[in-house]
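Examination of the molecular architecture
So the chains spell out like this:
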Amino acid sequence: MKTAVVFKWCKDPQDARVSADGAVSWPGVKLSPTEDDPAAMDVARGVSAEEDIVGVTIGDGKPEWAAARGAASTVVVEDAFGGPDGTAAARAIAAAVKSAGDVDVVAIGDSDWDRGVVSALVGALGWKAYANVTAAQAEGDDVRLTIKTPAGNRIVLAKPPMVVAAQALSQEANVPGMKQTLAARKKPVAKESVASLGVAAGVGTSAGTRLPEGDAAIIFDGSDPSNAVAQLMDALRGEGVL
Amino acid sequence: MAFDVEYDVVCIGGGGSGKSAAYTIATESDLSVCVLEKLENCGGSSIYAEGTCASESSEQAARPHPDYPGELPEGAHFPTHEEHVQRYIDYSHHRANVEVAKAFAYNSSETIDIYKGLGIEYTDVTIYAFDQPAELYTFHRPEGLGQHCQDLLERACVNAGVDIFTNTPAQELITEDGKIVGVVAKDADGNEMRIGAKAVVLATGGFGNNMEMVEKYSWIPNIHKNHYQSVPTQNTGDGIRMAESVGAHLKDIGALMIIGCTEGRTLGSGINGAGYQPNLWVDTKGKRFCNEAVANSFADTGNTIAMRDDGIVFSVMDEDTVTRLESGTGSAVGLGDFIPIHKTMPTLRAEIEEAIPDGAAFKADTIEGLAEAMGVDAETFKAVVEKYNEACDAGKDDEFMKPTKFLQPVRKAPFYATKQRPSILVSCGGIRINGNFQVTDKDYVAIPGLYAVGMEATGLFGDTYNLDVPGTANGFAHTSGRLAARHIISTLA
């Protein structure tokens, strides 16, 4: 069974620079492995032998991440930028998966850094998909998936092809050492482009990945305590608290 | 010579100084660079920094300004580079290296601009201790403090293409014909790695957690035995050891940044906040020994506590003082962000009760009872308290000249005491460098390819950390790393 593990497909939101007017910039920021990419790698290792694991990534940043963790080779679509249009990234990833040939399972981190990419990837491949997967094992021609739900773990036995969106339960336990990382840089890397893969353009732009956490805070000027208290009381009444 | 991998530059240590050096190499040249960090995470002592020292910075130029809080008190001013340099010379009694002090001071402002470029916002430029008139206004306080700065710097390094290897302790330097040509390290899986390098930057944070080296080098007797570790740093002198092995000259090694801390407690705890105050302090003989207003300088306080034979000081309070600290006017002296000035300690009593079984705090209904609990001579202690209370009533401390405003009597039961111990934060200097941050031998000749930066480099300090220039440790870490890197670029690129 062959598994493509998708890694480093978006930017770390912590690297975003938000200015006072709300404009977002990413000065010098490269794509990063998400916090769930190690979980995707665990899925790949649970399903396939090392020689049957191919890493798939896009854009800039270091391409050896999956190879250092066991992938035999890597496909990178160098000019597929993980920008606001998640569909463009998803189409590039899907094309790269197809170029790797006869992939049965696509493992990708179920990261909230950019939820749109995972969904769009599923659509681009046209495969069934399982989300919140915390473990996977090959069982003959099937794959046994452990899926985390609010009610507990659910076990599913599924037949490929499929997309598995993996969720990390903790930080990566065994980060590859220097020797492993350097050896990974010698593994084959197939460098593709959007044009070489015939990737279609994206369908739109993404303005964000989640709704705001809550209503904005109201700050009262405390220089006059009596006035501040009066404003607070008015606000509480206005919100229906009092 | 065979290597497993070759980089142009290897930075040993992933704290502020090592990452600054690596970031500069990666962004100002085409040289390849890696960072070797022995712990699981980068950051070093810099994650505990509360502020960064600089003179003539853009932040200072922008203040005072109506939009910024904390306008300077009358008579205070932001120092010039010259004043900045001169304070290192004066405070160290001319043991500081003028080349190094000038290199740091004159380039310190750029560090602030670089951090701002990475996204850091500075909330204030101030001093560390509210009542310390000798301090220069150099303390640039970043939002998110040291941890946030290091997170941003690490991200910047990664995005700039720096290879960072954690759990990868460097073990020895490789030389050829007297020149540094590489490093031997052990990677995260225990593999020995021979790493070729044209330049190596030692940035391992000194020896403050190596008690053998502390005993060997510190001028404070018994500090190696009496020390209490209040922050979990692991600066074990790796850089100093490696430098010495290739002929580096060690100079002005021994100064330690020591801070007083309640035994077994954190710096920011309420009980430490209380114990740190300029209350009545006695040693284990029950005797008073200093002007407790030394608390205005944590560096001097650290030395004062450490100089006790057993490194133990009892900070004595009565019920009125505890009430004042817990719910009244609060702290009389501050300790940066650990103990905010004029802030109450709402959980103080609960923390004291919790600390009593540990022997870190004591409580009794009588002075004699408190003496017994602390294990000091009751008659001696009682006489000390009586004399102290007389000074408080007179508003004048003839014995130790403590300012009147800090004279709080010990009169109302119950009586309390906390056990204060010296805690080494970081060592200050050791490897002799020149103004280019090159490591030098006994003849002051640079060892080709070897640099030392941050707190393991000698050049700013004499026998004590200089709190007259607050933020020096962190400011020097970043500025020295950058300057060393620029010299490397000038020689290699």
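Attention in this report is confined to the structure presented alongside it. (Residues numbered from 1 in each chain as written. Chains lettered and ligands numbered in written order. Predicted model: local features only at pLDDT ≥ 70, side-chain atom pairs only at ≥ 80, totals over all residues. Heavy atoms only, no water.)

Observations concerning the overall build of chain A
When you go through chain A residue by residue, the secondary structure sums to six helices and 11 strands. For chain A, the spread of C-alpha atoms along the principal axes amounts to about 70 × 40 × 40 Å. Scored against the burial criterion, the 242 residues of chain A give a buried share of 41%. Once local pairs closer than 6 in sequence are excluded, the contacts in chain A between residues at least 24 apart make up 69%. Within the structure as shown, chain A displays about 12300 Å² of accessible surface, and the carbon and sulfur contribution to it stands at 53%. Of the charged side chains in chain A, 23 are positive and 31 negative; the average position of the first set lies 6 Å away from that of the second. (Helix = DSSP H or I, 4+ residues; strand = E, 2+ residues; numbered from the N terminus. Buried < 20%, exposed > 50% of the residue type's maximum accessible area, 1.4 Å probe, protein only. Contact = heavy atoms within 4.5 Å. Areas by Shrake-Rupley, 256 points an atom, 1.4 Å probe, with all protein chains shown as cover. Lys, Arg positive; Asp, Glu negative; His and termini not counted. Charge placed at Lys NZ, Arg CZ, Asp CG, Glu CD.)

Quick word on the overall build of chain B
A count of helical and extended segments in chain B gives 15 helices and 16 strands. Its C-alpha radius of gyration of 24 Å places chain B within 12% of the 23 Å reference for a compact globule of 493 residues. If you line up chain B on its principal axes, its C-alpha atoms span 75 × 50 × 40 Å. Counting across all 493 residues of chain B, residues that qualify as buried make up 61%. Sequence-distant contacts, at least 24 apart, represent 73% of the contacts inside chain B between residues at least 6 apart. When the accessible surface of chain B is summed, it comes to about 18100 Å², and 48% of that surface belongs to carbon and sulfur atoms. (Rg over C-alpha atoms; globule rule 2.2 N^0.38 Å.)

Topic: the sheet that holds strand E4 (residues 122–126) of chain B
The strand order across the open sheet built from three strands is E3-E5-E4 (chain B), with neighbouring strands paired in antiparallel fashion. A strand with exactly one partner marks an edge of an open sheet, and here the two such strands are strand E3 (52–53) and E4 of chain B. (Pairing = 2+ DSSP bridges.)

Considering the sheet that holds strand E4 (residues 53–58) of chain A
Residues and elements named next belong to chain A. Read across the sheet, nine strands follow the order E9-E8-E7-E10-E6-E1-E4-E5-E11 without closing on themselves; strand pairing throughout is mixed. The open sheet has two edge strands, strand E9 (152–158) and strand E11 (189–192), and neither has a second partner. Averaged over all pairs of adjacent strands, the angle between their axes in this sheet comes to 30°, without regard to strand direction. (Axes fitted to C-alpha atoms, helices over the stretch in contact; angles between N-to-C directions.)

Observations regarding empty space enclosed by the protein
Here the idea is plain: a probe the size of a water molecule rolls over the atoms and shows the empty space left. Residue and element names in this part refer to chain B. Applying the stated rule across the entire model yields three cavities of 30 Å³ or more. Here the largest cavity defines a volume of roughly 80 Å³. Along its surface, the largest cavity is lined by Ser20, Tyr23, Thr24, Thr111, Ile114, Tyr115, Leu118, Leu153, His478 and Arg482. Within the residue set of the lining of the largest cavity, elements represented by two or more residues are helix H1 (16–28), helix H4 (98–118) and helix H15 (472–492). Here the lining of the largest cavity takes four residues from H4, the largest share from any one element. Taken together, the residues that form the lining of the largest cavity break down as five nonpolar, four polar and one charged. (1 Å grid on protein atoms, 1.4 Å probe; cavity = no way out; pocket = protein on both sides within 12 Å on 5 of 7 lines; lining within 4 Å. Points joined across faces, edges and corners; volume = space filled by probe spheres on them. Nonpolar A, V, L, I, M, F, W, Y, C, P; charged D, E, K, R; others polar.)

Considering the packing of helix H3 (residues 81–91) of chain B against H4(B)
Residue and element names in this part refer to chain B. For the pair H3 and H4, interaxial distance at closest approach is 9 Å and the crossing angle is 145°. The hand of the H3/H4 crossing is right-handed. Residue-level contacts link His81, Glu82, His84, Val85, Tyr88 and Ile89 of H3 to Val98, Ala101, Lys102, Phe104, Ala105, Tyr106, Ser108 and Ser109 of H4. Residue composition of the contact of H3 with H4, grouped by class: eight nonpolar, four polar and two charged. (Left-handed = near helix turned anticlockwise from the far one by under 90°.)

Describing a nonpolar patch on the surface
Residue and element names in this part refer to chain A. Together, Val18, Val24 and Trp26 make up an exposed nonpolar region whose accessible area comes to about 270 Å². On the secondary structure map, valine 18 appears in strand E2 (residues 17–18). For valine 18, a relative accessible area of 56% gives the class exposed. (Patch = residues over 30% accessible without salt bridge, like charges linked within 9 Å, V, L, I, M, F, W, Y side chains within 5 Å. Salt bridge = Lys/Arg side-chain N within 4 Å of Asp/Glu carboxyl O.)

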